There are 2 protein chains.
Amino acid sequence: MRDGMNYAPQGRPNPVCGPGDFVFAAVGLDHGHIYGMCNGLIEAGADLKWVYDPDPGKVAAFRAQYPLVRTAVSSEQIFDDPEVRMVAAAAVPAQRAELGLRVLNRGKDYFTDKGPMTTLDQLKRVRAGVRASGRKYAVYYSERLHVESAVFAGQLIAEGAIGRVLQVTGLGPHRLNAVSRPAWFFVREQYGGILCDIGSHQIEQILYYTQASGGQVAASQVANHHHPRYPELEDFGEALLTLDNGASGYFRVDWFTPDGLKTWGDGRTVILGTQGYIELRKYIDVGRDSEGDHVYLVNGEGAFHIPVKGKVGYPFFGQLILDCLEGSERAMTQEHALLAAELALIAQRDAKRIGRRE
Amino acid sequence: MRDGMNYAPQGRPNPVCGPGDFVFAAVGLDHGHIYGMCNGLIEAGADLKWVYDPDPGKVAAFRAQYPLVRTAVSSEQIFDDPEVRMVAAAAVPAQRAELGLRVLNRGKDYFTDKGPMTTLDQLKRVRAGVRASGRKYAVYYSERLHVESAVFAGQLIAEGAIGRVLQVTGLGPHRLNAVSRPAWFFVREQYGGILCDIGSHQIEQILYYTQASGGQVAASQVANHHHPRYPELEDFGEALLTLDNGASGYFRVDWFTPDGLKTWGDGRTVILGTQGYIELRKYIDVGRDSEGDHVYLVNGEGAFHIPVKGKVGYPFFGQLILDCLEGSERAMTQEHALLAAELALIAQRDAKRIGRRE
């Protein structure tokens, strides 16, 4: 059964650089997102040179997908290679910051799966590491960066299609598929909590669409509503945010996608503006179309259904490569990437525990 | 242009009583909802005997719709008529409690448009008036009671279609259509604030679908984002609720329906359960179908699109008549109706004011 852990979109090759211009390695294959991260970089022109993971089974599966990659004997071997510009990693969430700091300290850019860390102390050390190294700690917020409808929404907003954005509501249901999950997935200290984990996608989208550069958590709640077998799992979370530019955002995330849905989650984003609104049906148009990437736009001109699957691409990866090569911030600012994480960590830390006594 | 103020659904006649068994009057025609209220009662077998409003224009318009109604010279004339069992009213919100207390004190049931009052002090006096009189202070929460998809969702939940309800998210956009609005609509003390007004619909739905009997407001926010010409208008509001049974609810309400939408608002309700979820597209299936009342159900059995327009009816009105005749609480408990109002008033009182300085 399809779950979000193995969602690794493939797009069209659209290289921003030539062979050998941007060499990267994959280290830390704990989350399947590493495949989406590598696909995006390779399509944008990057060369995947090395892979390393202590688990030979994970390395073998990875090599089956990318036959030309070389297997390193240690992460140190990769860090020692001056040709490697970037290390991409989807480690266990609690280990992402430590790994990233090692990468930065070796003068390379780091590209990590979301949530990029699990504690505010790690965040503080990451901010210091970025400052000291001058390198990038980039984050794979896949639910926007690797979703064509989500990319297209950003373009519509930039063109003024809905005026000034006032509010973003995100629904992020995911399929649990518990038997397929690694042990760390159920250990609170390892995965960091649901708001820190899949909630970070939502906060990144809220900040991006509202163009906010700061915010506060007005309220947040988490629960284990229905999985007593996994006492440290949070199967539900939600938060209301107040942003520094007067806009606001709400999101709900959960692990309750029913078996009857033909994809891993009916992810939605509703963006309210002064002149209209946009709804994204990201992975399916439930009851209507099993293909994803449906954009619904309503403004003064009318109501429009715009299916964009295969028509938008994923500009983030090429922009990220150029940013690393040129020291720019086209793809995403460092502060934006870390602010999304910070608000997720604060929402998680301050969350009220809800749910009935079972 | 269609707006919610004139949304007065008509259903099929389905009388629960015979001619003369249940006589009512309409007093207070300030909000167009009075037409939906009267339609519902008449279809369920009630006899509309009297109308009174100090504005002859409103009375004339009302009589054009209901030619058999008699015009009273005062509300007192109606209160003095022992045949009248119920007074239905859609007065200016700030006057609804005072009018209702007069009705209760005259031994008649009261049926008011939502929000049923605008202050917590009024609520306290209403609770005392209900106790003292033994009569009903019923509320027309039309966005559930007079919407077939919303009624059908309650039936699905009762049948166990999505397991235990964990969370309800409601989006309640409305068209402003400012030129059509009466003066009181823009006076904060008169309409009570956006959470008290259209927010009360949302809270009623959250309480109903979660079957909660109490709750707290975790956070609430209001704004005048884009209507400086009407400084006392709140054009945006949202709240996050924590319920006494461990479930939760979030809603967003606003006056930003764009002109390009073919109805007054793209109202949605998403109900998350342990075994599935339901989405209601209440008034339109945007970009797909201009007719409303679309139910989307996903559970272990599959994903289903169920259009229910014309297939469900509005059982509330007949139940309300029987409740008044028999002293029962089939339609809605008194406590539920007033709890929804109480949480709306608390959300309104405690709301953080957001929005940028314009």
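Cut-offs and rules
Residues numbered from 1 in each chain as written. Chains lettered and ligands numbered in written order. Predicted model: local features only at pLDDT ≥ 70, side-chain atom pairs only at ≥ 80, totals over all residues. Heavy atoms only, no water. Pairing = 2+ DSSP bridges. Helix = DSSP H or I, 4+ residues; strand = E, 2+ residues; numbered from the N terminus. Contact = heavy atoms within 4.5 Å. Axes fitted to C-alpha atoms, helices over the stretch in contact; angles between N-to-C directions. Salt bridge = Lys/Arg side-chain N within 4 Å of Asp/Glu carboxyl O. Least-squares fit on C-alpha atoms with pLDDT ≥ 70 in both. Buried area = accessible area lost by both parts, 1.4 Å probe. Polar contact = N/O pair within 3.5 Å; in protein donor to acceptor, adjacent residues only side chain to side chain. Expected span 1.5 Å × (residues − 1). Buried < 20%, exposed > 50% of the residue type's maximum accessible area, 1.4 Å probe, protein only. Domains from an automatic or database assignment. Phe/Tyr/Trp six-rings, centres within 6.5 Å; stacked < 30°, edge-to-face > 60°. Lys NZ or Arg CZ within 6 Å of the ring centre and 35° of its normal. Core = buried A, V, L, I, M, F, W, Y, C linked by side-chain atoms within 4.5 Å.

**With respect to the sheet that holds strand β9 (residues 236-243) of chain A**
All names here are of chain A. Sheet architecture is open: 9 strands sit in the order β14-β13-β12-β11-β7-β10-β9-β8-β15, paired in mixed fashion. At either end of the open sheet lies a strand with only one pairing partner, and these are β14 (302-307) and β15 (352-353). Relative to strand β10 (residues 248-254), β9 runs antiparallel, the two sharing 7 bridges. Looking at the pairing, Thr242 lines up with Ser248 of β10. In the packing of helix α7 (residues 148-158) onto the sheet, the strands contacted are β7 (165-173), β11 (268-273), β12 (276-281), β13 (294-299) and β14, and the crossing angle to β12 comes to about 170°.

**A word on the pattern of salt bridges**
In total, this model carries 52 salt bridges over all chains according to the counting rule given. In the salt-bridge network here, residues are joined through shared partners; they are A:Asp266, A:Arg268, A:Glu279, A:Arg281, A:Asp285, A:Arg288, B:Asp266, B:Arg268, B:Glu279, B:Arg281, B:Asp285 and B:Arg288.

**Focus: the relation of the copies chain A and chain B**
Note that the two copies of the chain are related through a rotation about an axis and a translation along the same axis. When chain A is fitted to chain B, the best match, at an RMSD of 0.0 Å, comes from turning it 180° and sliding it 0.0 Å along the axis. Overall, the copies show the geometry of a two-fold rotation axis. Across chain A, the smallest distance between a C-alpha and the rotation axis is recorded for A:Ala219, namely 3.0 Å. Interface residue correspondence from chain A to chain B reaches 100%, placing this contact among same-surface, isologous pairings.

**Section: the interface of chain A and chain B**
With 57 residues of chain A at the contact, the number on the chain B side is 57 residues. In total, about 4500 Å² of surface goes out of reach between chain A and chain B, with carbon and sulfur atoms giving 58% of it. Applying the counting rule to chain A against chain B returns 4 salt bridges. Here B:Glu279 ties to A:Arg268 by a salt bridge, and the two come within 2.6 Å at their closest N and O atoms. Taken together, the links from chain A to chain B amount to 26 residue pairs in polar contact (both at pLDDT 80 or more). Elements that contribute at least two residues to the side of chain A that touches chain B include exactly β7, β8 (215-223), β9, β10, β11, β12, β13 and β14 of chain A.

**Some words on helix α11 (residues 334-349) of chain B**
Three or four residues apart is the spacing at which side chains of an α-helix point the same way, because the helix has 3.6 residues per turn. Residue and element names in this part refer to chain B. For α11, with 16 residues, the first-to-last C-alpha span of 22 Å sits near the 22 Å given by 1.5 Å per residue. The element α11 is extensively covered by neighbouring structure, given that 12 of its 16 residues are classed as buried. Taken together, the buried positions of α11 are Gln334, His336, Ala337, Leu338, Leu339, Ala340, Ala341, Leu343, Ala344, Leu345, Ala347 and Gln348.

**Topic: the domain arrangement of chain A**
Residues and elements named next belong to chain A. By domain assignment, chain A separates into domain 1 (4-143) and domain 2 (147-314 + 345-353). With centres defined by C-alpha atoms, the gap from domain 1 to domain 2 works out at 24 Å. At the interface, 26 residues of domain 1 touch 27 residues of domain 2. A combined buried area of about 2100 Å² lies between domain 1 and domain 2, and 59% of that area is made up of carbon and sulfur atoms. At the junction of domain 1 with domain 2, the criterion picks out 1 salt bridge. Measuring nitrogen to oxygen at the nearest pair gives 2.6 Å for the salt bridge that ties Asp197 to Lys114.

**A closer look at the side chain of A:Asp266**
Position of A:Asp266 relative to the elements: it lies in the loop between β10 and β11. On the basis of relative accessible area, A:Asp266 is assigned to the buried category, the value being 4%. A distance of 2.8 Å separates a polar atom in the side chain of A:Asp266 from a polar atom in the side chain of A:Arg268. A distance of 2.7 Å separates a polar atom in the side chain of A:Asp266 from a polar atom in the side chain of B:Tyr277. Contacts of A:Asp266, omitting those with residues within four sequence positions, involve A:Leu171, A:Pro173, A:Leu261, A:Ile284, A:Val286 and B:Tyr277.

**A few points about the environment of B:Gly287**
Relative to the elements of secondary structure, B:Gly287 occurs in the loop between β12 (276-281) and β13 (294-299). You can call B:Gly287 partly exposed: its relative accessible area is 39%. Separated by 25 residues in sequence, B:Gly287 and B:Lys262 have C-alpha atoms that sit 10.0 Å apart. Not counting residues within four places of it along the chain, the set of residues in contact with B:Gly287 comprises A:Tyr296 and A:His305.

**Some thoughts on the packing of aromatic side chains**
Evaluation of the coordinates by the stated rule reveals 33 aromatic pairs over all chains. Taken together, a centroid distance of 6.1 Å and an interplanar angle of 15° make the contact between B:Tyr35 and B:Tyr66 stacked. Taken together, the positions of B:Tyr35 in helix α1 (residues 33-43) and B:Tyr66 in the loop between α2 (56-65) and β3 (70-71) put the pair 31 residues apart, joining distant regions of the chain. Here the aromatic residues A:Trp184, A:Phe185, A:Phe186, A:Tyr191, A:Tyr230 and A:Trp255 are joined through ring pairs into a cluster of three or more. We note A:Arg70 situated over the ring of A:Trp50; from NZ or CZ to the ring centre the distance is 5.3 Å. Here the basic side chain of B:Arg144 rests over the ring of B:Tyr208, its NZ or CZ set 3.5 Å away from the ring centre.

**Side note on unusual backbone geometry**
Residue and element names in this part refer to chain A. The phi dihedral of Gln211 falls on the positive side, at around 55°, and the residue is not glycine. Position of Gln211 among the secondary structure elements: in the loop between α9 (198-210) and β8. One non-glycine residue, Asp293, lies in positive phi territory at about 65°. Turning to its location among the elements, Asp293 is positioned in the loop between β12 and β13. Residue classification places Asp293 among the buried positions, given a relative accessible area of 1%.

**Considering the pairing of strand β9 (residues 236-243) of chain B**
Note on strand geometry: in a regular strand, side chains alternate between the two faces of the sheet. Residues and elements named next belong to chain B. Taking burial as the measure, the 8 residues of β9 include 8 buried ones, the bulk of the element. Both faces of β9 are covered, namely the face carrying Phe236, Glu238, Leu240 and Thr242 and the face carrying Gly237, Ala239, Leu241 and Leu243. Pairing of strand β8 (residues 215-223) with β9, which is carried by 8 bridges, proceeds in the antiparallel orientation. Bridging across to β9, Val222 finds its partner in Gly237.

**Let's talk about the nonpolar core**
Judged by nonpolar contacts, the single largest core of 112 residues is most densely connected at B:Ile34, B:Leu41, B:Phe62, B:Ile78, B:Phe111, B:Tyr137 and B:Ile278. Here this core gets 9 residues from one element, more than from any other, and that element is α11(B). Summarising the domain contributions, this core has at least three residues from each of domain 1 (4-143) and domain 2 (147-314 + 345-353) of chain B. Non-local contacts of B:Tyr137, meaning those with residues more than four positions away in its chain, are made with B:Arg96, B:Ala97, B:Gly100, B:Leu104, B:Tyr110, B:Thr112, B:Pro116, B:Met117, B:Val126, B:Val130, B:Gln334 and B:Leu338. By size, the runner-up hydrophobic cluster in this structure holds 111 residues, among which are A:Val103, A:Tyr110, A:Ala337 and A:Leu338.

**Comments concerning the sheet that holds strand β5 (residues 109-113) of chain A**
Residue and element names in this part refer to chain A. Spatially, 6 strands are ordered β3-β2-β1-β4-β5-β6 in an open sheet, and the strand pairing comes out parallel. Edge positions in the sheet fall to β3 (70-71) and β6 (137-140), since each has one partner strand and no second. Looking at chain direction, strand β2 (residues 47-52) and β3 are connected through 2 bridges and run parallel. Following the sheet pairing, Val51 is matched in β3 by Thr71. Across the face of the sheet, helix α4 (residues 96-105) comes into contact with β1 (23-27), β4 (84-89), β5 and β6 while running at roughly 165° to β5.

**Topic: the environment of B:Ile306**
Residues and elements named next belong to chain B. Residue position: Ile306 is located in strand β14 (residues 302-307). According to the relative accessible area criterion, Ile306 is partly exposed, its value standing at 23%. Remark: the alpha-carbon pair of Ile306 and Val16, spanning 290 residues in sequence, is separated by 28 Å. Ile306 has contacts with Phe152, Asp293, His294, Val295 and Leu297, leaving out every residue within four places of it along the chain.

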